[in-house]
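Architecture at a glance
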Amino acid sequence: MKKSLVALAVLAASGAAFAQSNVTVYGIADVWFGSVKGEISGADAEALEIAGSARQTVLESGGVNSSRWGLMGSEDLGGGLKANFNLEQGFSVDTGAAADTSKAFSKQAWVGVSGGFGEAKLGLTGTAYDDIRGLNNNTFDSALAAVPWVDYIGTGSNQIYYALPDMGGFAGALSYALGEGKDVNVSAGSVLSLNVQYAQGPFMVGFAHQKEKTDTKLGLGALDGINDLLIEIGADTVAEDIRVATAGSTAKYNLLTGSYDLGVAKLLASYNTVKITVPDITDSLKAKEFQVGADIPLSSAMTLAVGYGQSKWEEEINIAKRTAFSAAVNYSMSKRTSVYAGFNNTKLDADADVADIEVKTTIFAVGLNHKF
Amino acid sequence: MKKSLVALAVLAASGAAFAQSNVTVYGIADVWFGSVKGEISGADAEALEIAGSARQTVLESGGVNSSRWGLMGSEDLGGGLKANFNLEQGFSVDTGAAADTSKAFSKQAWVGVSGGFGEAKLGLTGTAYDDIRGLNNNTFDSALAAVPWVDYIGTGSNQIYYALPDMGGFAGALSYALGEGKDVNVSAGSVLSLNVQYAQGPFMVGFAHQKEKTDTKLGLGALDGINDLLIEIGADTVAEDIRVATAGSTAKYNLLTGSYDLGVAKLLASYNTVKITVPDITDSLKAKEFQVGADIPLSSAMTLAVGYGQSKWEEEINIAKRTAFSAAVNYSMSKRTSVYAGFNNTKLDADADVADIEVKTTIFAVGLNHKF
Amino acid sequence: MKKSLVALAVLAASGAAFAQSNVTVYGIADVWFGSVKGEISGADAEALEIAGSARQTVLESGGVNSSRWGLMGSEDLGGGLKANFNLEQGFSVDTGAAADTSKAFSKQAWVGVSGGFGEAKLGLTGTAYDDIRGLNNNTFDSALAAVPWVDYIGTGSNQIYYALPDMGGFAGALSYALGEGKDVNVSAGSVLSLNVQYAQGPFMVGFAHQKEKTDTKLGLGALDGINDLLIEIGADTVAEDIRVATAGSTAKYNLLTGSYDLGVAKLLASYNTVKITVPDITDSLKAKEFQVGADIPLSSAMTLAVGYGQSKWEEEINIAKRTAFSAAVNYSMSKRTSVYAGFNNTKLDADADVADIEVKTTIFAVGLNHKF
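Residues numbered from 1 in each chain as written. Chains lettered and ligands numbered in written order. Predicted model: local features only at pLDDT ≥ 70, side-chain atom pairs only at ≥ 80, totals over all residues. Heavy atoms only, no water.

**Digging into the overall build of chain A**
To be explicit about the condition: Only DSSP runs of H or I reaching four residues or more are called helices, and only runs of E reaching two or more are called strands; each is numbered from the N terminus. Note on exposure labels: buried denotes an accessible area under 20% of the residue type's maximum, exposed denotes more than 50%, and partly exposed covers the range between, all computed with a 1.4 Å probe on protein chains only. Should any heavy atoms of two residues lie within 4.5 Å, those residues are considered in contact.
The number of helices and strands found in chain A is five helices and 17 strands. Looking at chain A as a whole, 55% of its 372 residues qualify as buried. Across chain A, the fraction of contacts at a sequence separation of at least 24, relative to all contacts at a separation of at least 6, is 61%.

Structural data, given as structure tokens:
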């Protein structure tokens, strides 16, 4: 299979300057120390024996950016054409744990070409919807952000991604992920996604749509990465009461997002809808979500960010409402290193017609973010 | 255990120029888009309820080369002696999945020395037989190649590998992999392997032998990497009818391979025999295999490759025959990047005395291969 | 979530010189070839049907240093302050296997700052006790070393580590690892660790203490990495007879270590005590351990090392005694590459009041160590 021969040939062909010019090794190590408190209350929580409160002091990975390392590179093919690749692995800097143990590269694994026509990527990468989902999120789009939204499939395996070139402020992208889970009885799933954006001076607006078939999951976004078993058990129980994701289901996301930089503050807002349809069930699960925020420069190196977000789920009846508010300060010690402090308060309240359960999470964090 | 101290000492001892000169980060990202069709037919397939046909559109990794990343380096020890190492991980660029999740480096993990005496490697690496098994394979020795042969153990853990220096066109290698699976009742397995080669001008010929003890497996080579459950189920069923690999079995491979470059085309041919002996069973399973091909340069950057291969298995009676034909075009956009298109048609036909089952796979692919 | 945007921004901000100056890719590939013999004897071993003897020829990873690869870097923040990170993965160079398949980086995964105040690390790293546990171990602190001690938790996830700056020969460190395993019924575990050191001229002395709560384990140190199933089964059986580690237990380690370089030889000695307390059991398990060694330079490139170590465990009564002696020669072919040869003989003898079992391991090894 010429494995080592290929590698040696690659090395020989490129000489000593090879590693320096072809591959960039990069990454982010982001760690925070803090306190996570979870509280589950309500009569039904007590009946389910999940009511209670717990506070834990933690060291966690990924306060502002999820920790990662990767390889990337670009080769000039002439005529404005480039070959590009990116391989990126997520991990937890607090434990060294791989984000997904089945994957050598869990966040990016693609090769593609770019040029005057735009950029094409083939492999594992974020969807077009994912491109702008976090673009205007409050509180630095961090793990502390008040964006208590319904989860979605952020990266797509087996994906064909195409981004338009920037055309006078207009941009856009389209992606399609092949499910490949074809079976005698089940047609393969897929994730179709697109975005359009327009930016001019201090102003930016974008729209994105994503349609996920089959492997749809209903997650509970904001809890990701919070290492508190008690809360997660509580939240899962609530989710089960609401809707268990089913094979063959379809989820549609529509996102409108914008920002305006006033100078004294950059204002951020997004509105997102989710509709999940399950075969043989007439009613769809619908969510309406919004979040607003402001990034306020306190000095050239320091920024204060505040945010509020809300997500409401309904089927025939109202189901649940999740609200969150957050604030954080980021101080840049250099271009690559910053320290931050912040808090997040998220409340999940099941509607009275569903269950008397309320889940509250409070996080206080101070952290260090280093890019390399 | 002085873990970080060692690392820091290494860094301190070598200074800033260290990473640049000691380690080469390299890899290949190869992705293809295409269509895979599988058909299983025959009366026995119908009785087993595995008959049917399915076509799936896929994005897959490794059309021409399997995707990988690695670290390699070489240190001059003086007197013509060098210390060398290579660590290489296989992965799927379409999903980011690791080739073997139990391994940090699944393809190469060795350290050794080289000099006037040749080269010695200690660790995980290809066997001596593996060195030339793919050397003259048709259709770029790619995943599309028409080499429908019985699988073998291509890389050996715990391996001691020695290659002769090149001596006026003569070369050779010997490898021995320690099974280490010693038990009170079972002696450890092993993989013993050797090759000899001679090259002169446009002509090359090679012979290789491999003897695998104990962990022998009878695989179905050409299906590797084809993500079509239906076909694999069908093929496994056929394989089970033929012979289940057994602990204590011995597999012997003998390969004769050669090529001749006429200028207008490079001709490729290989002949391989396999003999699998299982304790307490008198008859051996034997396979006779051959493949031929031609690489035809269409321009300085473009090559057309065609190939045909056949594998026949017999025990007391004829068992099965697998045939394949393939063609592909490769166009080099640069030294490191190429695009390719090709197809493969493989047919596995059980002999009438065994079962009335036929498995057919057809692949159409277009792909992008980028070396970094 | 702006994954690739972040990566691209990092790349853009730093330009082409980025990978060269920010990240050092480094590692160690260490492989040895040798013979491992295990013998289990005694009336109780025979009754348990684990008595016997086996010798196996092996190729193993990590004779002198465990094999690893990693990324490290440091950024000058001005005013004497630096941001540092280290990500390090352990693997076996004989098979490519990851040391811990759940981890992207199993040995080091931290980010921190250093300056006039010392150094702080946050994440996965060795404990303060670990810093000096191996510092004066005989026989190069290698896998062949005669340090047949009770195992301990060497690295801590979720760890806050602080090291004092060097103050005229005095140094020290403190570390605390958050267990994060909080539960309604169980309080979280933790690993608290500290060391103090003093070095002057040829003389060095150090003391370290470590207290592990909850996830305490009683391992059998010296067997690590010896691929001999028979011995491990025997040793585990003995360990089970002695004490099964229990949730809620506490282990305390106290280590006194020193060295003196006479020129013709460097003398090494360490004394360690272990006390394991389990809830609801009055008696503690205690171990008293010592080891001595000498590193004798034979030439500028060659060093002979010899060692002896002993560990005695008792509860109410004597339980077991483990003794080991070892010798090895290391020859440096260059700053980064060395070859070595050595042997280790370890004997575990259960006390007559406990069981009539004796486990003996003998290793002969020759190896190659390459740092990159």
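Having seen the model, we can carry on.
**Notes on the relation of the copies chain A and chain B**
Stated formally: The fit set for superposing copies consists of C-alpha atoms from residues with pLDDT of at least 70 in both; the fit itself is least squares.
The two copies are related by a screw motion: chain A maps onto chain B through a turn of 120° and a shift of 0.0 Å along the axis, at an RMSD of 0.0 Å. Expressed as an axis order, the relation between the two copies is that of a three-fold axis. Each copy contacts the other with its own distinct surface, as only 10% of the interface residues of chain A are interface residues in chain B too.

**Quick look at the nonpolar core**
The nonpolar side chains of soluble globular proteins are, as a tendency, buried together. The condition that has to hold: Within this scheme, the nonpolar core is defined by two criteria: the residues are buried Ala, Val, Leu, Ile, Met, Phe, Trp, Tyr or Cys, and they are joined through side-chain atoms within 4.5 Å.
Core analysis: the biggest nonpolar cluster contains 63 residues, and Trp69(A), Leu71(A), Trp69(B), Leu71(B), Trp69(C) and Leu71(C) have the highest contact counts within it. Residues in contact with Leu71(B), not counting those within four places in the same chain, are Val23(B), Thr24(B), Val25(B), Tyr26(B), Phe85(B), Asn86(B), Leu87(B), Val25(C), Trp69(C) and Phe372(C).

**Focus: the pairing of strand S4 (residues 81-90) of chain C**
Residues and elements named next belong to chain C. Quick note on the threshold: Strand pairing follows a simple DSSP-based rule, namely that at least 2 bridges must link the two strands.
Taking burial as the measure, the 10 residues of S4 include eight buried ones, the bulk of the element. Strand direction decides the pairing type here: strand S3 (residues 68-78) and S4, joined by 10 bridges, are antiparallel. Counted as the bridge partner of Gly-78 is Leu-81 from S4. Hairpin connection of S3 to S4: two residues between the antiparallel strands, including Gly-79 at a positive phi of 65°. Where S4 meets strand S5 (residues 108-115), seven bridges bridge the pair, whose relative direction is antiparallel. Directly across from Ala-83, in S5, lies its bridge partner Val-113.

**What about the interface of chain A and chain B?**
By a widespread convention, an interface's size corresponds to the accessible area lost as its parts come together. Stated precisely, the cut-off is as follows: Simply put, the buried area is the total loss of 1.4 Å probe accessible area from both parts when two parts are fitted together. Criterion for a salt bridge: a side-chain nitrogen of Lys or Arg within 4 Å of a carboxyl oxygen of Asp or Glu. The classification used treats Ala, Val, Leu, Ile, Met, Phe, Trp, Tyr, Cys and Pro as nonpolar, Asp, Glu, Lys and Arg as charged, and all other residues, Gly among them, as polar.
On the chain B side, the residues contacting the 49 residues of chain A number 51 residues. Of the roughly 4100 Å² buried between chain A and chain B, counting both surfaces, carbon and sulfur atoms make up 65%. Joining chain A to chain B, the criterion identifies one salt bridge. Residue Arg336(B) is joined to Glu75(A) by a salt bridge in which the shortest nitrogen-to-oxygen separation is 3.9 Å. Listed by contribution, the elements that provide at least two residues to the side of chain A that touches chain B are helix H1 (3-14), helix H2 (18-22), strand S3 (68-78), strand S4 (81-90), strand S5 (108-115), strand S6 (118-126) and strand S7 (155-163) of chain A. Of the residues contributing to the side of chain A that touches chain B, the split by class is 30 nonpolar, 12 polar and seven charged.

**Let's talk about the confidence of the model for chain A**
Residue and element names in this part refer to chain A. Worth spelling out the cut-off: Each residue carries a pLDDT score, the predictor's own confidence in it, on a scale running from 0 to 100.
Across chain A, the average pLDDT comes to 84, with 83% of residues at 70 or higher. Counting interchain partners and residues more than four positions distant, the pLDDT-below-50 stretch residues 1-20 has 43 contacts. Low confidence marks residues 216-245, where pLDDT is under 50. Its contacts with residues over four positions away, or in another chain, come to 75 contacts. Under the prediction, the complex receives an ipTM of 0.87, its pTM being 0.89.

**Some thoughts on a positive patch on the surface**
Heads up, the rule is: Every patch collects residues that have over 30% relative accessible area and no salt bridge, joining them within 9 Å if they carry like charges and within 5 Å if they are nonpolar side chains (Val, Leu, Ile, Met, Phe, Trp, Tyr). Where accessible areas are quoted, they stem from the Shrake-Rupley method and a 1.4 Å probe; at the residue level, only the protein chains shown are allowed to cover. By the counting rule applied here, Lys and Arg register as positive and Asp and Glu as negative, while His and the ends of each chain are not counted. In plain terms, the charge of a residue is placed at NZ if it is Lys, CZ if Arg, CG if Asp and CD if Glu.
Side chains of Lys211(A), Lys213(A), Lys252(A), Lys275(A), Lys286(A), Lys288(A), Lys312(A), Lys321(A) and Lys347(A) sit close together on the surface and give a patch of like positive charge. In this structure, Lys347(A) sits in strand S16 (residues 337-350).

**Re empty space enclosed by the protein**
What counts is decided by this rule: Here a cavity means grid points, on a 1 Å grid over the protein atoms only, where a 1.4 Å probe fits yet cannot get out; a pocket means an open set of points with protein on both sides within 12 Å along at least five of seven lines; lining residues are those with an atom within 4 Å of a point. Grid points are joined across faces, edges and corners, and a volume is the space filled by probe spheres set on the points.
With the rule as written, the count across this model stands at 13 cavities of 30 Å³ or more. The space that makes up the largest cavity amounts to roughly 280 Å³. Along the lines of polarity and charge, the residues of the lining of the largest cavity split into 12 nonpolar, six polar and three charged.

**Brief notes about a nonpolar patch on the surface**
Residues and elements named next belong to chain A. Together, Leu-174, Tyr-176, Leu-192, Leu-194, Val-196, Phe-207, Leu-256, Tyr-271, Phe-290, Val-292, Tyr-308 and Phe-325 make up an exposed nonpolar region whose accessible area comes to about 980 Å². With three residues, strand S9 (residues 190-200) is the largest single contributor of residues to the nonpolar patch. By the secondary structure assignment, Tyr-176 is in strand S8 (residues 170-178). Overall, the relative accessible area of 36% leaves Tyr-176 in the partly exposed class.

**So, the pattern of salt bridges**
Where charged atoms from two side chains of opposite charge approach closely, those side chains can pair. Residue and element names in this part refer to chain B. Here the structure, examined in full by the defined rule, presents six salt bridges over all chains. Where Glu-88 meets Arg-68, a salt bridge forms, and the shortest distance between an N and an O atom there is 3.6 Å. Note that Glu-88 is positioned in strand S4 (residues 81-90) and Arg-68 in strand S3 (residues 68-78), a separation of 20 residues in sequence. In terms of burial, Glu-88 and Arg-68 fall into one category: buried.

**A short note on the packing of aromatic side chains**
Residue and element names in this part refer to chain A. Applicable threshold: Note on ring pairs: Phe, Tyr and Trp rings are taken, using the six-membered ring of Trp, and paired if centres are within 6.5 Å. Classes follow the plane angle, with under 30 degrees stacked, over 60 edge-to-face and the rest tilted.
Summed over all chains, the structure comprises 33 aromatic pairs over all chains. On the numbers, 5.6 Å between centres and 55° between planes, the contact of Tyr-129 with Tyr-253 is tilted. On the criterion of sequence distance, the pair formed by Tyr-129 in helix H4 (residues 128-133) and Tyr-253 in strand S11 (residues 249-261) is long-range, its members being 124 residues apart. Considered together, Tyr-129 and Tyr-253 belong to a single accessibility category, that of buried residues. Judged by centre distance (6.4 Å) and plane angle (55°), the ring pair of Phe-203 and Tyr-260 falls under tilted. Of the two residues, Phe-203 is situated in strand S10 (residues 203-214) and Tyr-260 in strand S11; the sequence distance between them amounts to 57 residues. Judged by its relative accessible area of 34%, Phe-203 is partly exposed.

**Examining the environment of Leu122(B)**
Residues and elements named next belong to chain B. Residue placement: Leu-122 occurs in strand S6 (residues 118-126). Judged by relative accessible area, which is 21%, Leu-122 ranks as partly exposed. C-alpha of Leu-122 to C-alpha of Tyr-176: the two residues are 54 residues apart in sequence and 10.0 Å apart in space.

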